[in-house]
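Descriptive analysis of the structure
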Amino acid sequence: MKASFRRYRMSFRHPFAGRPRDHRVALLNPRSVAGQVFLLQVVIVLLLVAAAVTMELLQGAYDALRQGRRVSVVAAQAFANAPGVVQALRSRNPTAVLQPSAEAARKRAGVDFMVVVNTRGIRYTHPYPQYIGKKFRGDYRSSLQGRTIVEQGGGTPLPAGRGTVVQAVVPVTDDRGVVIGAVCAGLTVKNVVREWTPQLPIILGSGAAALALAAGGTALVSRRLRRQTRGLDPAEMTRMYEHHDAVLHAVREGVLIIDADGRLVLANDEASRLLGLPADAEWRYVRELGLPEQMSRLLVSGETVTDEVQPAGDRLLAVNKRPTFLNGVQGSSVVTLRDTTELAAVSGRAEVARERLNLLYEAGIRIGTTLDVVREAQELAQVAVPLFADIVTVDLLDAVMRGEEPTAERQRRLQRAAMAGELSVLCPAGEPITFSSSAPQARALEQGYGVLAADLRQARGWQEQDPDRVRRALEQGVHSLVTVPLQARGVPLGVASFYRVGETPAFEHEDLLVAEELAARAGVAVDNARRFTRERTMAVTLQRSLLPRGQPEQDALEVAWRYLPAEAGVGGDWFDLIPLPGARVALAMGDVVGHGLHAAVTMGRLRTAAHNFAALDLPVDEVLAHLDELVARMDSEESTDEIAEGHRGAEVTGATCLYAIYDPVAGVCAIGRAGHPGPAVVYPDGAVTCPDVPASPPLGLGGHPFETVELRLPEGSRLVLYTDGLVEDRTRDLDSRLDELRRTLERTDGHTPEETCQAVIDAIVPAHPADDIALLVARTRLLPRSRVAEWDVPVDASAVGSVRARCAEKLSEWGLEETAFTTELIVSELVTNAIRYGSPPVGVRLLYGRHLTCEVSDRSSTSPRLRRAATMDEGGRGLFLVAQFAQRWGTRYTSAGKVIWAEQDLGDGAPAVRGGTPADVLLEQFDDAAH
C-alpha cells in the first residue's frame, strides 16, 4: 500500500513540481484556479475603489464651490446693507469713502475682492487702485433690477492671483427701494479649491485603505482556495481526481476513511474484499456493517494504531490507523489494512532476531570502553541483563586479574570479577571460585566452546558443584544456563555464565550462539585490558625502581618529593638529589616524551647519565650540554635500528630537564633548564616568585648553548621543582594553573617541605591525572660561618708549615683533634702540589659539616694524576697518600682555575685509612713496586 501511494504521489508531482514556494507568485499564476479568481477579484476591487474615490473627489469639489458661492453672497450682502454705503454712493467722491471700508470688509469676510460699482458699471473700489473708475466686467445689470447674481468668470488681476473667480453681485438700494449701485464680492477658484484640499488626503487615504483591505481579503480567499486546490488548474484537478480514483482501487492494501461520527466515508476495493463490505457500505455507520466486535470497536475509536493484528474471518489483518486534524480538532481517521496471514509465523522469528541484533549492537558499543579488567567484566554482565539473561556471572583466572599471561594448567583458580542480577545464593563479586571437573563452566573452559544446560533440574554436573547452593537456586526459580569461555588468541581467560529465572523462556541453541558472540567480544576487551594492566604494572615498577628510594646524606637541603603516574600509562618524569663535594647538592628534574616502557627506560638512562655527569662536578650548563648530546645520540641509534627493522616513522625521543646546584656556603643556587618549566621559590617571609630562568631548547636538538642563572636564596627558602603534568590541563589555561600553584604556595607559609608537597598535591592535582606528575620541594640551609675556615697561601714552600699549624688550631677549635694528623697530611700534600705545579694565588678552605672537606684552589687548569711511585723515586707519593687517608677526593674546575678537594668521613671521629695504620701506609710507599 505504501509503495502504491508513493507511486501515486510521484505520478502527480509534475503538475506543480518545481513551482516557487512564494505565496504571492502562486496567487498570481493565471493558470491555477486560485490565480484566476484572485486576478478577477483584484480587478473588481480596483474599479470599485476608483469609482468611490472619484465620486468623493467630485462631491468634495462641488461642496467647496457651493461654500465659496455662499461666502461671496454673504460678504456682498453684508457690505451692501452696511450703514453709510448709500450716503457714500451719493457723495461727491464715493471712492474716497468706500475704498477703505471695502478693503477692511474684504479682509474681515475672507474674500479675495470687494468691488462697489454705480449703475453704469464704473468701479468705485478695487483691491488694486489702478482699476478704480474702470468698467466692471460682470453681470451688474441684473442687480439693477434688484436681483442677486452669482456667477463664475475671469476678471482683473487680484491679490490672490489671476484666474477664474466665483463672485456674487448684490444691489444697493436706498430707503425708497431704488437701486443706486451694486456690491460685488468673490473668491478665486484657486482659493475655493484650497478650502477643499485638506479633505483630499483623507479621501485618498480612505481609498487606499479600502483598496488594501479589499486586496488582503481577496488574497486570503484566494490563498484558501489555493490550499484547497493545491495550485492546480482545472484540467490538472480533473486529471488528479481521475488518477486518484484509479490508484485508490488498484493498490493491494485496504484503505478506509471514517469520519468523527463513526460513518464510513470511503472504502477502496481491497478494503471491501478483506472485510467483506456490502456495496452500499459508504456513508453507513461502521457498527452497522456486520464486522467483528473487536474490529468495529478499533475502527471507531479515536486512538492511533500501528500494525495491530486483528482477525477478520479466516484472515489476520495488520491494522494501521491515524487520525486527521483540522484546526487542531480531530476529524476523520484513515485506516489501512494489510493481509498478514502468511507472515504471522515469520514475524515472531524476525522479532527475536531483531532483539538479538540489538543486543549485539549494544555489546559492540558498551563493551571495551575502558582498559580495566574488572570493568570490562562488569560491562559484559550489564549488557546481557535483562536483554538476554536474568543473571550473569563473569569469573576470570587469577593470572588475568593480576595482568599476567594465563597458563594452560588444567586446575585453574578463578575469581568472580562481576555479577549482574539478583540471586542471593550465588557467590558475590570478589570471591574465589573453583569449579568441579563435571561443572558446565569447567567443561566450557576445557573444551573452548559454550555449554547449554536448557533444564538445570536435569544438569547433574551443575548440581554436583555445590548441592546445597544449587537446591536454593532452584527454589528461587533458576532453570536454564548457558556458559561460554572468554578467550583471546585461543587462550582461555575465564568463563561467563548466563542464567534465566522464573517464567523467562529456557535457552535454545540460537541463544548459545549469541552468548558465544558476546563472550568473543568481551574476551578481546578483557585481554586488551589485561595486557595494558601488565604493561602498566611493569612500567610503574620499572619507573619506581629507577627513581630515588631514599634521601642521600647531605646538609644543604631539607627535601620532600611526590611522584604520581598517569592513569593512561606511566610516563618518563624523573628527579634526583645528588650530593656534591664542598657540601653542595645538585637537583635534577626531567620529563621524557611519551608513555610506557620506552619512556621509563629512557628516563632511567637519562637519570643515570645525569648522576654520572654530576659526579664529574661539572657546571650546570655543561651537564645540560652532555645530556643534550646523549639524547641526540639515543635518537640517532633508535632511528638506525628502526630503519634496519623496517619501522620507519616511529617516535623519536624527546626530553626536558632542569638542573640546579645549591651551595650552602654562599647561599647561591645555579639553575639552568632545557625546555622544562621554571621553578618557584617561596621565601621565608611567605612571598612566592617564579624566577626568570632563561628557557633553552629541549634536549636532543643539539647545537644550542644552555644559559644559567644564579639565585641567592636566604636560609629557609623553599625551592619548588615540578614537571608539566602538574600545571598543564587541556581544559584550563596554563597561566591560570600557574596562578593556582602560586596561590597554593602562598598558603603554605611556615610549612615543612613534606607539608608543602601534600598541600600542592591536594589543591592542584586532578582526580584522574592524564600525565605523570613529579614534585620536589627543597628548603635551603646555610653552613654556619663558624664552620668555614679560609686562608690565602703565599707561593713559598716554607708557607706549608704555617698552613698546617692553622689547620691544627681550627680542628682543635672544632673538637676534631683525632683527625688532625690526617688533615695536616692531606693539606700539606695538596698545598705543596699547588705551590709547585699550580699558578698563584693559592687558597685553602676547610668545611666542617657532615664530612670534613679540605679544598685547595689555584688558577692552573692542569689536573693532578694519581700514580704509584717506584722505590727510588723522590716524589709522586703525595696524591696516593691523599687517596688513602681521604674518603673521597677529586678535582673541580672553576672559571678562575681548579679546586682539589679531599673529604673525610666523621662518622666515628677517626680518619678512614684503607689498608692498615697510617704508619703502614707510609712504609708501603717505599716498597719496590716490582716486589
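Small disclaimer: the values here were computed from a predicted structure and weren't measured.

1. Here's the deal with the overall build of the protein chain
When its secondary structure is counted, the protein chain shows 26 helices and 31 strands. Counting over 931 residues, the protein chain shows a buried share of 45%. Contacts spanning at least 24 positions in sequence make up 61% of the contacts within the protein chain whose residues lie at least 6 apart.

2. Looking at the sheet that holds strand β15 (residues 491–501)
Here we have 6 strands laid out as an open sheet, ordered β12-β11-β10-β15-β14-β13, and antiparallel in their pairing. Unpaired on one side and paired on the other, β12 (432–433) and β13 (451–453) mark the two borders of the sheet. Where β13 and strand β14 (residues 478–488) come together, 3 bridges link them in antiparallel fashion. Bridge pairing links A453 to L481 in β14. Running over the sheet, helix α13 (residues 373–384) touches β10 (391–397), β11 (414–420), β14 and β15 and is turned about 40° from β11.

3. Quick look at the pattern of salt bridges
For the structure shown, the criterion picks out 34 salt bridges. Note that R584 is salt-bridged to D617, the shortest N-O span being 2.7 Å. Separated by 33 residues along the polypeptide, R584 in the loop between β17 (571–579) and β18 (585–595) and D617 in the loop between α19 (597–615) and α20 (620–645) bring together distant segments of the chain. Note on accessibility: R584 and D617 belong to one class, buried. Its salt-bridge partner being R888, residue E903 comes within 2.8 Å of it at the nearest N-O pair. Placement of E903 in strand β31 (residues 897–905) and of R888 in strand β30 (residues 888–894) is noted, with a sequence separation of 15 residues between them. Within the structure, one salt-bridge network assembled from shared partners comprises R584, D617, R845, E855 and R892.

4. Details of empty space enclosed by the protein
Counted under the stated rule, the structure contains 1 cavity of 30 Å³ or more. The calculated volume of the largest cavity comes to roughly 40 Å³. Forming the walls of the largest cavity are L256, I258, L264, L275, L277, V286, L289, L291 and L299. Looking at side-chain class alone, the lining of the largest cavity contains 9 nonpolar, no polar and no charged residues.

5. What about the packing of helix α21 (residues 734–746) against helix α22 (residues 753–764)?
For the pair α21 and α22, interaxial distance at closest approach is 10 Å and the crossing angle is 140°. When the interaxial angle is binned, α21 and α22 end up oblique. Our pair here, α21 against α22, has a crossing hand that is right-handed. For the pair α21 and α22, contact is made by R737, E740, L741, T744 and L745 and by T756, A759, V760, A763 and I764, respectively. Counted by class, the contact of α21 with α22 contains 6 nonpolar, 2 polar and 2 charged residues.

6. So, the pairing of β17
For β17, the tally of buried residues reaches 8 of 9 residues, placing the bulk of the element in the interior. In terms of strand pairing, β17 meets β18 through 9 bridges, oriented antiparallel. Across the sheet, residue G571 finds its bridge partner in β18, namely H595. Counting the residues between successive antiparallel strands, the hairpin from β17 to β18 contains 5 residues, one of them, G582, with a positive phi of roughly 75°.

7. Let's talk about the packing of aromatic side chains
Tallied over the entire structure, the rule returns 4 aromatic pairs. For the ring pair F388 and F507, a centre distance of 5.4 Å and an interplane angle of 40° mean the geometry is tilted. Here F388, found in the loop between α13 and β10, pairs with F507, found in the loop between β15 and α18 (509–546); they are 119 residues apart in sequence, far enough to count as distant. Each of the two residues, F388 as well as F507, counts as buried. Summarising the aromatic geometry, the rings of W561 and F575 are spaced 5.2 Å apart at their centres and angled 50° between planes, so their arrangement reads as tilted. Residue W561 is located in strand β16 (residues 557–564), and its partner F575 is located in strand β17; the two are separated by 14 residues in the primary sequence. Each member of the pair, W561 together with F575, is buried. Here the aromatic residues F388, F498 and F507 are joined through ring pairs into a cluster of three or more. The side chain of R500 reaches across the aromatic face of F388, ending 5.6 Å from its centre.

8. Focus: the nonpolar core
Formed by 54 residues in total, the largest nonpolar core has its most connected members in L557, L587, L627, Y659 and L776. In this structure L776 touches V559, A560, W561, F575, L587, M589, L719, V720 and L721, once residues within four positions along its chain are discounted. Judged by nonpolar contacts, the second largest core, of 45 residues, contains L380, A418, L512 and A519.

9. Let's talk about the packing of helix α23 (residues 799–814) against helix α24 (residues 820–837)
Two numbers describe how α23 lies on α24: the axes approach to 9 Å, and their chain directions differ by 145°. In this structure, α23 crosses over α24, and the sense of that crossing is right-handed. Of α24, the residues touching α23 (which contributes V800, V803, R804, C807, A808 and L811) are A820, T823, E824, V827, S828, V831, T832 and I835. Among the residues forming the contact of α23 with α24, the class breakdown is 9 nonpolar, 3 polar and 2 charged.

10. Focus: α13
Relative to the 16 Å expected for 12 residues at 1.5 Å per residue, α13 spans 17 Å between its end C-alpha atoms, a close match to the ideal helical length. Along α13, the residues that are buried comprise V373, E376, A377, E379, L380, A381, V383 and A384. Measuring from the side-chain oxygen of the N-cap residue of α13 to the backbone nitrogen of V374 gives 3.3 Å; that N-cap residue is D372.

11. Digging into the sheet that holds strand β22 (residues 688–689)
Pairing is antiparallel in the open sheet, where 5 strands are placed in the order β16-β26-β25-β21-β22. Both outer strands of the open sheet, β16 and β22, are each paired with one neighbouring strand and no more. Pairing of strand β21 (residues 680–682) with β22, which is carried by 2 bridges, proceeds in the antiparallel orientation. Bridged to V681 within β22 is T689.

12. Describing unusual backbone geometry
Cis geometry is adopted by the peptide bond preceding P386, which originates at V385 and carries an omega value of 0°. Topologically, P386 is positioned in the loop between α13 and β10. A cis amide bond links P840 with the next residue in sequence, P841, at an omega value of 0°. A positive phi angle, near 70°, is found at W283, a position not held by glycine. With respect to the helices, strands and loops of the structure, W283 is situated in the loop between α10 (269–275) and α11 (293–300).

13. Observations regarding a nonpolar patch on the surface
Taken together, the side chains of L40, I44 and L48 make up a nonpolar region of the molecular surface, amounting to roughly 310 Å² of accessible area. Relative to the helices and strands, L48 resides in helix α3 (residues 33–80). Note on L48: relative accessible area 57%, which makes it exposed.

14. Digging into the side chain of R737
Along the chain, the position of R737 falls in helix α21. Judged by relative accessible area, which is 5%, R737 ranks as buried. Reaching out from R737, the side chain makes a polar contact with the backbone oxygen of L726 at a distance of 2.8 Å. When sequence neighbours within four positions are dropped, the list of residues in contact with R737 reads L726, V727, D729, R732, I764 and P766.

15. Observations regarding the side chain of Q554
Checked against the element boundaries, Q554 lands in the loop between α18 and β16. Q554 gets classed as buried once you look at its relative accessible area, which sits at 10%. From its side chain, Q554 meets the backbone oxygen of L557 in a polar contact 2.6 Å long. In contact with Q554, other than residues within four places in its own chain, are V559, L577, P579, V585, R781 and R850.

16. Concerning α22
Relative to the 16 Å expected for 12 residues at 1.5 Å per residue, α22 spans 16 Å between its end C-alpha atoms, a close match to the ideal helical length. Residues of α22 that are buried include every one of P753, T756, C757, V760, I761 and I764, and no others. All buried residues of α22 fall inside an arc of 130° around its axis, so they share one side. Its buried side turned inward, α22 meets β16, β25 (718–722), α21 and β26 (773–780).

17. Quick look at the confidence of the model for the protein chain
With 82% of its residues at a pLDDT of 70 or more, the protein chain has an overall mean of 79. A low-confidence stretch, residues 646–652 stays under pLDDT 50, and its non-local contacts, those more than four residues away or across chains, total 8 contacts. Ignoring residues within four places in sequence, the model shows residues 909–917, a span with pLDDT below 50, making 21 contacts including any to other chains.

Conventions and cut-offs
Residue numbers restart at each chain and count upward from 1, following the sequence in its written direction. Given that the model is predicted, a residue must reach a pLDDT of at least 70 before its local features are reported, and side-chain atom pairs must reach 80 or more before they are shown or counted; all residues, however, enter totals for whole chains, interfaces and linings. Each side-chain value is worked out from all heavy atoms of the structure, with water and hydrogens disregarded. Numbered from the N terminus, helices here are DSSP runs of H or I no shorter than four residues, and strands are runs of E no shorter than two. Relative accessibility thresholds used throughout: buried, under 20% of the residue-type maximum; exposed, over 50%; partly exposed, between the two (1.4 Å probe, protein chains only). Working rule for contacts: check all heavy atoms of both residues, and any pair within 4.5 Å makes them a contact. Two strands qualify as a pair provided DSSP detects at least 2 bridges between them. Helix axes use the C-alpha atoms of the stretch in contact, all axes being lines fitted to C-alpha atoms, and the angles between their N-to-C directions lie in the range 0 to 180 degrees. For this document, the term salt bridge refers to a Lys or Arg side-chain nitrogen within 4 Å of an Asp or Glu carboxyl oxygen. Cavity means a closed set of points on a 1 Å grid over the protein atoms alone, one where a 1.4 Å probe fits but cannot get out, pocket means an open set with protein on both sides within 12 Å along at least 5 of 7 lines, and lining means a residue has an atom within 4 Å of a point. Grid points are joined across faces, edges and corners, and a volume is the space filled by probe spheres set on the points. Residue type decides the class: Asp, Glu, Lys and Arg count as charged, Ala, Val, Leu, Ile, Met, Phe, Trp, Tyr, Cys and Pro as nonpolar, and the leftover types, Gly among them, as polar. Any angle between 65 and 115 degrees counts as roughly perpendicular, while under 35 counts as roughly parallel, over 145 as roughly antiparallel, and the rest as oblique. In a left-handed crossing the near helix is turned counterclockwise from the far helix by less than a right angle, and in a right-handed crossing that turn is clockwise. When the centres of two rings from Phe, Tyr and Trp lie within 6.5 Å, Trp using its six-membered ring, the rings pair. Their planes under 30 degrees apart give stacked, over 60 give edge-to-face, and anything left gives tilted. Definition used: whenever NZ (Lys) or CZ (Arg) falls within 6 Å of the ring centre and also within 35 degrees of the ring normal, the charge is taken to sit over that ring. Joining through side-chain atoms within 4.5 Å is the link that ties buried Ala, Val, Leu, Ile, Met, Phe, Trp, Tyr and Cys residues into a set, and such a set is a nonpolar core. How far a helix is expected to stretch is found by multiplying one less than its residue total by 1.5 Å. Whenever a nitrogen or oxygen atom comes within 3.5 Å of another N or O atom, the pair is scored as a polar contact, on the condition that within protein one atom can donate a hydrogen and the other can accept it, and that pairs from neighbouring residues in sequence are kept only if both atoms are in side chains. Excluding any residue in a salt bridge, patches collect residues exceeding 30% relative accessible area, merging like charges within 9 Å and nonpolar Val, Leu, Ile, Met, Phe, Trp and Tyr side chains within 5 Å. Each accessible area is a Shrake-Rupley result for a 1.4 Å probe, and residues are judged covered by the shown protein chains and nothing else. Along the arc lie the directions from the helix axis toward the C-beta atoms. pLDDT: the predictor's confidence for each residue, scored from 0 to 100.

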